[in-house]
Amino acid sequence: MIKFSCSECGQSYRVSDEYAGKRVRCKGCSQVNTIPQPESETLGNGDSIAAYNDLLKELSKVEKTAPTVEIEAES
């Protein structure tokens, strides 16, 4: 679902993803707007979920190949 607002009056709209790129006339002010592309699912800082999952996979690989380090306890 795409959420967007009229660029002229701010009227909010929700339309199906299939309408991305189509031009529509605002019911409130008659301004013609282009429906934006759907936004990808994001995390709080704007990174995509896919990028986050790729990072987790990469970290998992590194953990498996990282050398073991023994630490002596202080007395």
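About the criteria used
- Residues numbered from 1 in each chain as written.
- Predicted model: local features only at pLDDT ≥ 70, side-chain atom pairs only at ≥ 80, totals over all residues.
- Heavy atoms only, no water.
- Helix = DSSP H or I, 4+ residues; strand = E, 2+ residues; numbered from the N terminus.
- Buried < 20%, exposed > 50% of the residue type's maximum accessible area, 1.4 Å probe, protein only.
- Contact = heavy atoms within 4.5 Å.
- Polar contact = N/O pair within 3.5 Å; in protein donor to acceptor, adjacent residues only side chain to side chain.
- Phe/Tyr/Trp six-rings, centres within 6.5 Å; stacked < 30°, edge-to-face > 60°.
- Patch = residues over 30% accessible without salt bridge, like charges linked within 9 Å, V, L, I, M, F, W, Y side chains within 5 Å.
- Areas by Shrake-Rupley, 256 points an atom, 1.4 Å probe, with all protein chains shown as cover.
- Salt bridge = Lys/Arg side-chain N within 4 Å of Asp/Glu carboxyl O.
- Pairing = 2+ DSSP bridges.

(A) Examining the overall build of the chain more closely. In terms of helices and strands, the chain carries one helix and four strands. The secondary structure elements of the chain, listed N-terminal to C-terminal, are β-β-β-β-α. Looking at the chain as a whole, 9% of its 75 residues are labelled buried. Contacts in the chain between residues at least 24 apart in sequence constitute 17% of all its contacts with a sequence separation of at least 6.

(B) Seen up close, the side chain of Asn33. Here Asn33 lies in strand β4 (residues 32–34). For Asn33, a relative accessible area of 6% puts it in the buried group. There is a polar contact of 2.9 Å between the side chain of Asn33 and the backbone nitrogen of Ser7. Other than its neighbours up to four places away in sequence, Asn33 contacts Phe4, Ser5, Cys6, Ser7, Lys22, Arg23, Val24 and Cys26.

(C) Highlighting the packing of aromatic side chains. Scanning all chains against the criterion turns up one aromatic pair. Each ring, one from Phe4 and one from Tyr13, has its centre 5.6 Å from the other, and the planes form 25°; the classification is stacked.

(D) The arrangement of the environment of Met1 in detail. Looking at the element boundaries, Met1 is found in the segment before β1 (2–5). For Met1, the residues in contact, after removing those within four places along its chain, are Arg14, Val15, Ser16 and Asp17.

(E) Fine view of a nonpolar patch on the surface. A cluster of nonpolar side chains, contributed by Tyr52, Leu55, Leu56 and Leu59, occupies part of the molecular surface with about 380 Å² of accessible area. With respect to the element layout, Leu59 can be found in helix α1 (residues 49–65).

(F) Structural context of the environment of Val15. For Val15, the location among the structural elements is in strand β2 (residues 12–15). With relative accessibility at 18%, the residue Val15 sits in the buried group. Each C-alpha atom, one on Val15 and one on Phe4, is 8.5 Å from the other, the two residues being eleven residues apart in sequence. Other than its neighbours up to four places away in sequence, Val15 contacts Met1, Ile2, Phe4 and Ile35.

(G) Quick peek at the pairing of β2. Pairing between β1 and β2: four bridges, direction antiparallel. If you follow Ile2 over to β2, its bridge partner there is Val15. Adjacent in sequence and paired antiparallel, β1 and β2 are bridged by six residues, among which Gly10 carries a positive phi angle near 85°.

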